[in-house]
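An overview of the molecular structure
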Amino acid sequence: MTRRSEMRSSIIDVWDVQTYDTDLVAMLAKHGQLLVDYFRTDQEIDAEYKSSNHIMRRDNPFAPAFMRLVDEVSGEMNSRTIRGWHYTRITDDELERVRSAGLAPSTIQGLRDRLDRRVTVGDFTEAQADAIFAGSPFHGQAASRGGKLYMIANPEPHDYDGLEGILGHWGGESAYFWQEDPDILNLLRVTGQAAIIEIAMPMSASEHLASAGSSVVHRFALSLGCSCETKDFELYTTQPLPTSAILNVHVDGGDLFQRVARGYPERYPNEDA
């Protein structure tokens, strides 16, 4: 393995410039002045626009070069792996399967198989499993929901409002989102335990190169002292991920589960927590 391929095999946190490989840093540093000029000018334009009662917003002359840089970095992300964060509610036996077989995209058949397993072990009755399956959004949204394994690039704490449903219900949105039966909803709440799974996500297996590239460029600009927003993003893969992609699993009750985005990872920016 060459030194270049060794660097490419390392895992990037898009929010942490210190994890960027030397080739990526060199590419970004070469355009450092462009980033400074673009974001400084963008601030000036924004101030002018607000003071003019939003009548006219002039173009940023550095925008074309900036967009070319984002496109270039986005293309480079195809050969890199980032750390993703998958939030779920999972039983002990399912967790062991993740550790032994990896993670697979969510499908309607996968939901049926999981439900049948819960019936076998005695967590659900057949009637309850059938009711959960019948009420799944997969039946009306299979094209948009099916065959995808979702994660986020910037971790959120376990009590973040947007994660309440996913961490609070076994089966995630595929099980609870359209469910109206209070008894079934309560069953989903008491089954399994909340967990956060760290994933080594090869960007070549994702369709979110542009989001990753934009996030990296903005975070590097912040490291130069530029005033700009971070670019958090959700991503998914349609491919199964092997056990080697499972970096860590944090289960509710564990110390790191409580500390995710609140001191863990160590360099995770406080303003994002």
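Structural notes, computed from the coordinates. (Residues numbered from 1 in each chain as written. Predicted model: local features only at pLDDT ≥ 70, side-chain atom pairs only at ≥ 80, totals over all residues. Heavy atoms only, no water.)

Moving on to the layout of surface pockets. As a volume, the largest pocket reaches approximately 1300 Å³. Lining the largest pocket are 40 residues, with His86, Thr88, Ser106, Arg114 and Leu149 positioned closest to its centre. Of all the secondary-structure elements, those providing two or more residues to the lining of the largest pocket are strand S2 (81-90), helix H5 (92-101), helix H6 (108-121), helix H8 (138-145), strand S3 (149-152) and helix H10 (173-176). Of the residues assigned to the lining of the largest pocket, the class counts are 18 nonpolar, 11 polar and 11 charged. By volume, the second largest pocket amounts to about 220 Å³. For the second largest pocket, the full set of lining residues is Tyr38, Phe39, Asp42, Gln43, Asp46, Arg57, His218, Ser227, Cys228, Glu229 and Lys231. If one sorts the elements of the lining of the second largest pocket by residue count, helix H3 (residues 32-51) sits on top with five residues. Taken together, the residues of the lining of the second largest pocket break down into three nonpolar, three polar and five charged. (1 Å grid on protein atoms, 1.4 Å probe; cavity = no way out; pocket = protein on both sides within 12 Å on 5 of 7 lines; lining within 4 Å. Points joined across faces, edges and corners; volume = space filled by probe spheres on them. Helix = DSSP H or I, 4+ residues; strand = E, 2+ residues; numbered from the N terminus. Nonpolar A, V, L, I, M, F, W, Y, C, P; charged D, E, K, R; others polar.)

A few words on the pairing of strand S4 (residues 193-202). Counting buried residues along S4, eight of its 10 residues qualify, which places the element largely inside the surrounding structure. In terms of strand pairing, S2 meets S4 through 10 bridges, oriented antiparallel. Looking at S4, one finds that Gly84 is bridged to Ile199. Two elements, S4 and strand S6 (residues 246-251), share five bridges in a ladder whose sense is antiparallel. Paired with Ile196 across the bridge in S6 is His250. (Buried < 20%, exposed > 50% of the residue type's maximum accessible area, 1.4 Å probe, protein only. Pairing = 2+ DSSP bridges.)

What follows concerns the environment of Trp170. Assignment of secondary structure puts Trp170 in the loop between helix H9 (164-168) and H10. Filtering out sequence-adjacent residues up to four positions away, Trp170 remains in contact with Arg89, Thr91, Glu94, Arg114, Leu115, Arg118, Phe124, Ala175, Leu188 and Thr191. Within polar-contact distance, the side chain of Trp170 engages the side chain of Glu94 at 3.0 Å. (Contact = heavy atoms within 4.5 Å. Polar contact = N/O pair within 3.5 Å; in protein donor to acceptor, adjacent residues only side chain to side chain.)

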